[in-house]
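In case you want the letters, here they are:
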Amino acid sequence: MKVLFSLAVVAVFSALAYLGGSAAGLRTLFGVIVPYAAVAVFLAGVILRILAWARVPVPFRIPTTCGQQKSLPWIRHARLESPFTFWGVLGRMALEVLLFRSLFRNTKAELRQGPRLTYGEEKILWLAAIAFHYSFLVVFLRHLRFFMEPVPALVRLVEATDSFFQIGAPILYLTDVFLLAGLLVLLYRRLFDPQVRYISLAADYFPLFLLLGLALSGVLMRYFTRVDVVAVKEMAMGLVTFRPVVPETVSPLVFVHLFLLSTLIAYFPFSKLMHLGGVFLSPTRNLANNNRARRHVNPWNYPVKVHTYEEWEEEFKDKIKMAGLPLEKE
Amino acid sequence: MAEQHPRPEELTRIDYRPPARDWMDTKPQFRKGTYCYSALPKNLEYLGMPNPRVWQPHDEDWKLPEGWQQIILDGMKERLEKYRSFRLFMDICVRCGACADKCHFYVGSGDPKNMPVLRAELIRSVYRRYFTPAGRVFGRLAGARDLTVDVLKEWFYYFYQCTECRRCSVFCPYGIDTAEVTMIARELLNLVGCNINWVMEPVANCFRTGNHLGIQPHGFVDSLAMACDDIEEITGIRIDPPINRKGAEILFVAPSADYFASPHYYTLMGYLMLFKELDLDYTWSAYAGEGGNFGLFTSHEMIKRLNHKIYHEARRLGVKWILGGECGHMWRVIHQYMDTLNGPADFLEIPRSPITGTVFENARSTKMVHITEFTSDLIRNGKLNLDPRRNDHWNVTFHDSCNPARAMGLFEEPRYVIKATCRNFHEMPENTIREQTFCCGSGAGLGTDENFEMRMRGGFPRANAVRFVHDHFGVNMLACICAIDKANLSALMEYWVPEVQVGGIHEFVGNALVMKGEKERTVDLRLNPLKGKEGSDA
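Conventions adopted
- Residues numbered from 1 in each chain as written.
- Chains lettered and ligands numbered in written order.
- Predicted model: local features only at pLDDT ≥ 70, side-chain atom pairs only at ≥ 80, totals over all residues.
- Helix = DSSP H or I, 4+ residues; strand = E, 2+ residues; numbered from the N terminus.
- Rg over C-alpha atoms; globule rule 2.2 N^0.38 Å.
- Buried ≥ 20, exposed ≤ 12 C-beta atoms within 10 Å, placed from the backbone.
- Contact = placed C-beta atoms within 7 Å.
- Pairing = 2+ DSSP bridges.
- Axes fitted to C-alpha atoms, helices over the stretch in contact; angles between N-to-C directions.
- Core = buried A, V, L, I, M, F, W, Y, C linked by C-beta atoms within 7 Å.
- Domains from an automatic or database assignment.
- pLDDT = per-residue confidence, 0-100.
- Nonpolar A, V, L, I, M, F, W, Y, C, P; charged D, E, K, R; others polar.

(A) View of the overall build of chain B. Along chain B, the regular secondary structure elements total 22 helices and 7 strands. For chain B, the C-alpha radius of gyration of 23 Å lies close to 24 Å, the compact-globule estimate for 538 residues. Once the C-alpha set of chain B is aligned to its principal axes, its extents read approximately 75 × 50 × 40 Å. For chain B, with 538 residues in total, the buried portion stands at 62%. Counting only contacts in chain B whose residues sit at least 6 apart along the sequence, the fraction spanning at least 24 positions is 76%.

Structure, rendered in structure tokens:
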């Protein structure tokens, strides 16, 4: 149900965009208005969401420590797994954001005969996540060729590297393969790993199908059909220079690609995809484990009802005396 | 009693296949052995907490207060605006499932709602329904659901089936910490009076008397005196421990279990012997006689209410700094909450060991030092005369207690002390120690008898790792630095690995410490004959 619904929405959206791209009267809507609106929603949504998080205070310093604390000088302290300084935190965050450090720890617990619990290496999820995210980044960079004139040297370099293992013509980009492979592994887990399937919501399948649709429409245009690339670039340049044009020779497939992308980015701020921004703010990762050395201030710390020594002495006066302990009030 | 419990071979027949029905359509079964009993009204009344009444989780009617949904939703709103952690953890989970098999309760029960991701979804689904546009509009399709009595019961069941151990947060790519979610969820449950007695009674006792069991000042003095009698019998040395003494240099605070439970008691003897041998200028306090803080399992406000005593007493007694004993969640509170809640402790001095001169720079603000930091520094500087052969009858492994491990990073100090005092030491497998350590299964206030089956299930991963080192290396002693561990690991070992005993690190210190003027020792602190001294008359 969740799966089919998500798939159906992406299919209907693709069909709508194809029709829109085929009907002369709707090409401006799908080629100009929707993309502008989507970018606006994306930017405003992401900024507002991050501001909403940032406005909420961090009352306590609660890093999850994954290594030795800094204590006595002769004990080797884990600078990245249990950072004491700002630079240590920066290093930990860099590992987390760039290399998915925590996900790399992943293991798989299995109950065997005995009974014996074992914990095997489990790097597939990490690998698929890395493959997907980095390929997406490279594909995004490669797309800058459509939006910039002249094409920057960096983009050319990325292209050249990405097509290093050229197999036939047209040039095969490795990241296209990795991106699809990564997405398919992630989808496979959701569908066929019983635990992951059990926890999955429509909100988990939908972005996966959107991304798959986006990637497949791109692959289709690049490798299997002929698309007027010059016209696409003209249209892309028009969008970024705020002089939008929709040349007649732009294929309806381009509209599918663009509409799925528009849907993705417009959906982004309201979805779990915001983990992109959230990971930077996570208090168990981005705070130093220096709690006892530097006081953390809670802006809303308020007075509470306590039980003072005086009240305690008052209640147990006789027993304190009997036990031979000193009293404040004698 | 014992024959009512399921046998180990029954407990390890675990079915990890999730049910066919969607998790939103399944309800928890309050089956005997898998949940804790409700808090007695007198405890809530004493603390001034809402909705004190007689009820039990297995009752149909929970006697919830009028307008309870609104109370919870208002409470959620308030906390979403106060805790970035809570807000963020409601928003950014991608349900990748990396946390699923990291939870000891999931591994031991196979119940999918014990997967940390699903535990959090129990509350996230309500968050979506009432606090996000998508949830308001699309409802269940967006993973949202109404807050009903059944949902509340489910919260109670599963948030009192989480020990706040933080193991899942080590593996989460965004650092989502279920302990944080559970703490907030329990705060919400507390707003409508859904709490458990095994947490609330210690809280009420501690607030009134200064310790979990409600021991009054004379009882406190007697407990320490009894330990001193035993020490005298074993070593020939008489100790007269200072209590509530003004002007001492150091205030020592230990978990109260150390002076009323076993095997904690041997750790207590170890502290007393060590301080005596050092001639340390210190004092105990019968008022601030509890390092443990079950407020952590209740609410942030209750943490502060209980923790307040420590600085308050340090100020009254005029000490320079504070030393803390072997306790797990106590150290989460001291390391991550105390200074923020009840500080600044600017009336104290930066801790400096009077024996070695070492300044504990890492505690320069909070002014409180962990006993294994203190003792490892003594050993490193050669200040203790240790005879580790006196622990030769122990083949030791070390259980990293959850909070010192994952909320403090205290890994090497306890190991250093063990290795200096014991000659036989073997680590458990690497996926079960240090930051990946497994909970004893009974933390966060769940260590009660009626919850026995769930505790044994939750503790199974830990016990299984102990079984491994017992079978391979002949380990017969499970060392730890947590009072809850000492109680619960003992039950856990009796159930899963009966060949293994449980003890604290300062018990080994007490055994190995060659004290000035002591008589020749023939028994250890438990009155076991020392190796090579068997048969000699103790």
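(B) Highlighting the overall build of chain A. Looking only at helices and strands, chain A has 13 helices and 2 strands in total. Rg of the C-alpha trace for chain A: 28 Å, well past the compact-globule value of 20 Å for 330 residues, more than 25% over. The principal-axis extent of the C-alpha atoms belonging to chain A is close to 100 × 50 × 45 Å. Taken over 330 residues, chain A has a buried fraction of 35%. Long-range pairs, those at least 24 residues apart, make up 62% of the contacts in chain A between residues at least 6 apart in sequence.

(C) Inspection of the sheet that holds strand S5 (residues 396–398) of chain B at higher detail. Residue and element names in this part refer to chain B. Strands sit in the order S5-S6-S7 across an open sheet of 3 strands; the sheet is parallel. Of all the strands in the sheet, the pair left with one neighbour each is S5 and strand S7 (501–504). Direction aside, the axes of adjacent strands within the sheet are offset by 35° on average. Bridge count between strand S6 (residues 477–480) and S7: 4 bridges; the pairing is parallel.

(D) Here's a closer look at the nonpolar core. Residue and element names in this part refer to chain B. Trp155, Ile322 and Met493 are the most contacted members of the largest nonpolar core, which totals 238 residues. Each of domain 1 (2–30 + 50–194) and domain 2 (203–512) contributes no fewer than three residues to this core. Ignoring any residue separated from it by four or fewer positions in sequence, one finds Ile322 in contact with Ile250, Leu251, Val253, Ile310, Ala314, Lys367 and Met368.

(E) View of the environment of Ile215 of chain B. Residues and elements named next belong to chain B. Its location among the elements puts Ile215 in the loop between helix H11 (197–209) and helix H12 (217–235). In this structure Ile215 comes out as buried when scored by C-beta crowding, with 21 C-beta atoms within 10 Å. Separated by 74 residues in sequence, Ile215 and Gly289 place their C-alpha atoms 9.5 Å apart.

(F) Spotlight on the confidence of the model for chain A. Taken as a whole, chain A shows an average pLDDT of 95; of its residues, 99% reach a score of 70 or greater. At the low end of the mean pLDDT range in chain A sits helix H6 (residues 153–162) of chain A, at 91; at the high end sits helix H3 (residues 86–99) of chain A, at 98.

(G) The arrangement of the interface of chain A and chain B in detail. Between chain A and chain B, the residue contacts involve 80 residues of the former and 93 residues of the latter. Secondary-structure elements contributing two or more residues to the side of chain A that touches chain B are helix H4 (101–104), strand S1 (107–112), strand S2 (116–121), helix H8 (194–199), helix H9 (202–224), helix H12 (275–281) and helix H13 (309–322) of chain A. By residue number, the principal contributor to the side of chain A that touches chain B is H13 of chain A, which donates 6 residues. Among the residues forming the side of chain A that touches chain B, the class breakdown is 44 nonpolar, 23 polar and 13 charged.

(H) Looking closely at the domain arrangement of chain B. Residue and element names in this part refer to chain B. Entries for chain B in the domain assignment read domain 1 (2–30 + 50–194) and domain 2 (203–512). Relative placement of domain 1 and domain 2: their C-alpha centres are 31 Å apart. Taken together, the contact pairs 21 residues of domain 1 with 26 residues of domain 2. Every element with two or more residues in the side of domain 1 that touches domain 2 is listed here: helix H1 (8–11), helix H5 (104–109), helix H9 (167–171) and helix H10 (178–191). Among the elements that make up the side of domain 1 that touches domain 2, the one with the highest residue count is H5 (5 residues). Of the residues assigned to the side of domain 1 that touches domain 2, the class counts are 9 nonpolar, 7 polar and 5 charged.

(I) Quick peek at the sheet that holds strand S4 (residues 368–370) of chain B. All names here are of chain B. With parallel pairing, 4 strands are arranged side by side in an open sheet as S2-S1-S3-S4. Looking along the sheet, the strands with just one partner apiece sit at the ends: strand S2 (282–283) and S4. Of the strand pairs in this sheet, strand S3 (residues 321–324) and S4 are connected by 3 bridges, and their pairing is parallel. Pairing of Gly324 across the sheet is with His370, part of S4. Where helix H14 (residues 300–317) meets the sheet, it contacts strand S1 (250–253), S2 and S3, and its direction lies at approximately 150° from that of S1.

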